[in-house]
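Inside the fold
Here is what each chain is made of, one letter per residue.
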Amino acid sequence: MATDTPTPGPEQREATEQAAAAGTPTRSLADENANARAQDIEQRMTDDERFSLVISILGHVPGGLAGPRDPRIPEDVENMSAGYTPGVPCLGIPAIQSSDASMGITNPGYRPDDEGATAFPSLIALGSSFNPKLVRDEGEAIAREARMRGFNVQLAGGCNLARDPRNDRNFEYFSEDPWLSAVLAAEQVNGIQSQGVVSTLKHFTLNCNETNRHWLDAMIDPDAHRESDLLTFEIAIERSQPGSIMSGYNKINGEYASGNHHLLNEVLKGAWGYKGWVMSDWGATPEWEFALKGLDQESGVQGDRVLWGKEPFTDDLKAAYASGRLPKERLADMVRRILRSLFAVGADRWGPPPAVDMAKHAEIALEGARQGIVLLKNDGALPLPTDQPLKIAVIGGYAQQGVVSGAGSGAVAPVGGFAGVIKIGGAGVMGKHRNLFLFPPSPLDELEKQFPQAQLDFDPGYTPAEAALTAKRSDVVIAFGIRVEGEGFDLPDLSLPWGQDAVIDAVASANPNTIVVLETGNPVSMPWRDKVRAIVQAWYPGQSGAQAIAEILAGTVNPSGRLPITFPASLHQTPRPELPGLGTPWGTAVTIEYNEGADVGYRWFALRNERPIYAFGHGLGYTAFDYDDLRLDGGETMTASFTVRNTGRRKGADVPQLYLTEAPGDRRMRLLGFERVELEPGESRRVTLTADPRLLARFDGRSGKWRIADGTHRVAVGKSATDLILTGATRLPARQFGV
Ligand code: GLC
């Protein structure tokens, strides 16, 4: 029963920690009671009630895409958001009210009186934490803030792979690796659903670029797809049982995601036996026939009116049903899937609204920022002394105002409002949502707190020359580099906009004692990196980002973030130096061939012997760790155990990573496991990681099976994909498995 859960004690926290690591769903779609109720109630519904359940209606935002308030949303519904579906109260079916998204409860104008929500760090920052329990805690907190507003579906669980460092939505996804993304996305879903709120996983699938996404055809080898983006969804679904899967805008191998019979009916619902419902993205349903190809609900029907000139799941679907082209059983299945998920998660039987402890949520947001910040470079400049009267220049990045958040449907308006919103604009329906959002408090204010003896001198970084003069007269320079990234756009390259690279180069030339802090949603090219002493990647760190940045620069917090995405030295190292379709007019059809297949990110760099600037898994701290005594066990899969030791002088966290480096006759790199360990100075811990066998295998689409090859498999334990410390090998017998 999803009622208000008391604050867990230490023993429960331990249990949750273990559950998070093991990936234990907090709700199960196999719940027979939910299934039986869904069957029973569906049979008692009228056809009109069935049809009303298979669409959702976008809430009204003044001047927004949806236009005026839709009359199908009753006048007494005040807490509007992304989606509204009328319920059937006499049958115990609640109205379905869905909200975005993975970083908190969004409100781009739906609810003028909403005082704001906790703005959690971006998913790529949480991805950098490599901490499943932290992500689960964040999911729980988001769900509590959803429930207090009456939202029973949270459109979270973004888990597309960061295949392309130019994808402006990578901040809404966890990483470039299937295992890391699946484990963390599952925990966000588990946290959300533990509170009786249905979560999605999205965007199914291969929604890895944003350029002309409604007309983008993503091409990939089907077996490689099963070993990468689909494997991410497959594992995350097993570990979290999300009530719904959201299909993306793009096509995959010529068929729209929302109407992709192979992926929806044959893979998701067939091979994997998924029992929840498939909702489309908002404006991703061009035709009613998608109902025959696996789509169960058309979302945001106004989006389809704008893009496709109709609402396929209203008049067209009814006509198809009347003519027998839509079988009664299919409509019943669409409805039952929705009901089963609502009942299995407990969204139909909430107890009293949960206590929402916003101070606790702020703590989770702060901890997420602290653990998500990655120290990329440090020649000893950090941490800065806090007890000296230093003259510190703080340059650029609107550091006097706030920290940057990502733009688009996932952007959260924090409690108390933004510190600033600067309109950027751009093509297409998302242009009006492309803004520079700044969260208070400002890094400058937080640095003042951490460095009470220092004299801080802010310079806007408006021109290189002016900034260089400020730098020259300072003891230390903290230069900020920011970039606005958001849904609906891809970056043209990896440079910082507005001439920031020239500013950073100028200040570092004027004063080599320069530290750079980045607030971006993706890797950047950093042409100035050899001129600066330290580089901190803060991502979009959420409402507590400024505090976390200042704490790390002062050494109050020991950084422990690890990169969830490779930082290329150049786009020429990546599979697609030129991004097809970039800059073409809105509405132009684009085809992107993901020829790297399953070799995404670090896997591609390993295959091609390319050296990135900073590797997947890389991250420094203020202590040191070493690993030894690797033991391997073979059999049906691979288990590795080894000892991690903190050899430094202060407490810290490390994230040892286990990689496959070679399979028989196949030099391929795969992350097999990871664990974040916190150790006191001198403390050591034995870590044991067991690989999901699919990570050791290749997928054979002809047989529908996974195959592990007979022979020697080489592995390594590393601090990153290129910093491998322990190596070993073991023989695995040939094995074929899978559905
Ligand atoms: C958006 C996004 C999706 C979001 C939905 C509702 O366009 O692609 O992630 O949940 O529409 O706002």
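Residues numbered from 1 in each chain as written. Predicted model: local features only at pLDDT ≥ 70, side-chain atom pairs only at ≥ 80, totals over all residues. Heavy atoms only, no water.

What follows is about the overall build of the chain. Along the chain, the regular secondary structure elements total 18 helices and 31 strands. By the compact-globule yardstick of 27 Å for 739 residues, the chain fits well, its C-alpha radius of gyration being 25 Å. Summarising its shape, the C-alpha atoms of the chain cover approximately 80 × 60 × 55 Å along the three principal directions. Evaluated residue by residue, the chain yields a buried proportion of 63% over its 739 residues. Long-range contacts, defined as pairs at least 24 residues apart, comprise 77% of the intrachain contacts of the chain with a sequence gap of at least 6. Looking at charge distribution, the chain has the averaged site of its 73 positive side-chain charges lying 3 Å from that of its 93 negative ones. (Helix = DSSP H or I, 4+ residues; strand = E, 2+ residues; numbered from the N terminus. Rg over C-alpha atoms; globule rule 2.2 N^0.38 Å. Buried < 20%, exposed > 50% of the residue type's maximum accessible area, 1.4 Å probe, protein only. Contact = heavy atoms within 4.5 Å. Lys, Arg positive; Asp, Glu negative; His and termini not counted. Charge placed at Lys NZ, Arg CZ, Asp CG, Glu CD.)

Inspection of the region around the ligand gives D100, L155, R169, K202, H203, R213, M246, Y249, D281, W282, S409 and E487 as its neighbouring residues. Side-chain polar atom of E487 to an oxygen atom of the ligand: 2.6 Å apart, as the coordinates give it. Relative to its free-state accessible area of 310 Å², the ligand is covered by the protein chains to the extent of 94%. Mapping the ligand onto the cavity grids shows that it belongs to the second largest pocket. Class assignment of the residues belonging to the shell around the ligand gives a composition of four nonpolar, two polar and six charged. (Near = heavy atom within 4 Å. Polar contact = N/O pair within 3.5 Å; in protein donor to acceptor, adjacent residues only side chain to side chain. Areas by Shrake-Rupley, 256 points an atom, 1.4 Å probe, with all protein chains shown as cover. 1 Å grid on protein atoms, 1.4 Å probe; cavity = no way out; pocket = protein on both sides within 12 Å on 5 of 7 lines; lining within 4 Å. Sits in = over half its atoms within 2 Å of the grid points. Nonpolar A, V, L, I, M, F, W, Y, C, P; charged D, E, K, R; others polar.)

Attention shifts here to the pattern of salt bridges. If charged atoms from side chains of opposite charge come close, those side chains can pair. According to the stated counting rule, one finds 58 salt bridges in the structure shown. Note that E487 is salt-bridged to R169, the shortest N-O span being 3.4 Å. Here E487, found in the loop between strand 16 (476-482) and helix 16 (500-510), pairs with R169, found in the loop between strand 3 (153-154) and helix 6 (178-193); they are 318 residues apart in sequence, far enough to count as distant. Through salt bridges that share partners, E42, D47, R50, K328, E329 and R336 make up one connected network. (Salt bridge = Lys/Arg side-chain N within 4 Å of Asp/Glu carboxyl O.)

Evaluated as defined, the whole model comprises three cavities of 30 Å³ or more. Here the largest cavity defines a volume of roughly 120 Å³. (Points joined across faces, edges and corners; volume = space filled by probe spheres on them.)

The omega torsion of the bond from F204 to T205 falls at -15 degrees, within 30 degrees of zero and hence cis. One can find T205 in the loop between strand 4 (198-204) and strand 5 (216-219). Look at the link from P440 to P441: it is a cis peptide, with omega at 0 degrees. Checked against the element boundaries, P441 lands in the loop between strand 14 (435-439) and helix 14 (443-450). In this structure, L206 is a non-glycine residue whose phi angle is positive, near 60 degrees. In this fold, L206 is placed in the loop between strand 4 and strand 5.

Moving on to the sheet that holds strand 28 (residues 705-708). The strands making up a sheet are joined through hydrogen bonds of the backbone, oriented either antiparallel or parallel. Pairing within the open sheet is antiparallel, and its three strands lie in the order 27-28-31. Edge strands, defined here as strands with exactly one partner in the open sheet, are strand 27 (698-700) and strand 31 (735-737). Taking each pair of neighbouring strands and ignoring which way they run, the sheet shows an average axis angle of 30 degrees. (Pairing = 2+ DSSP bridges. Axes fitted to C-alpha atoms, helices over the stretch in contact; angles between N-to-C directions.)

So, on to the packing of helix 5 (residues 132-147) against helix 13 (residues 358-372). Running from N to C, helix 5 and helix 13 cross one another at 145 degrees; their axes reach a closest spacing of 10 Å. In this structure, the crossing between helix 5 and helix 13 has a hand that is left-handed. Counted together, L134, D137, E138, A141, R144 and E145 of helix 5 and M358, H361, I364, E367, G368 and Q371 of helix 13 form the full contact between these two elements. Partitioning the contact of helix 5 with helix 13 into residue classes produces four nonpolar, three polar and five charged. (Left-handed = near helix turned anticlockwise from the far one by under 90°.)

Of the pockets and cavities examined, the second largest pocket occupies roughly 700 Å³. What lines the second largest pocket is a set of 41 residues, and nearest its centre among them are P108, Y110, S409, M430 and H433. The set of elements that each furnish at least two residues to the lining of the second largest pocket consists of strand 4, helix 10 (301-308) and strand 14. Top contributing element to the lining of the second largest pocket by residue count: helix 10, with three residues. Here the residues of the lining of the second largest pocket sort into 21 nonpolar, twelve polar and eight charged.

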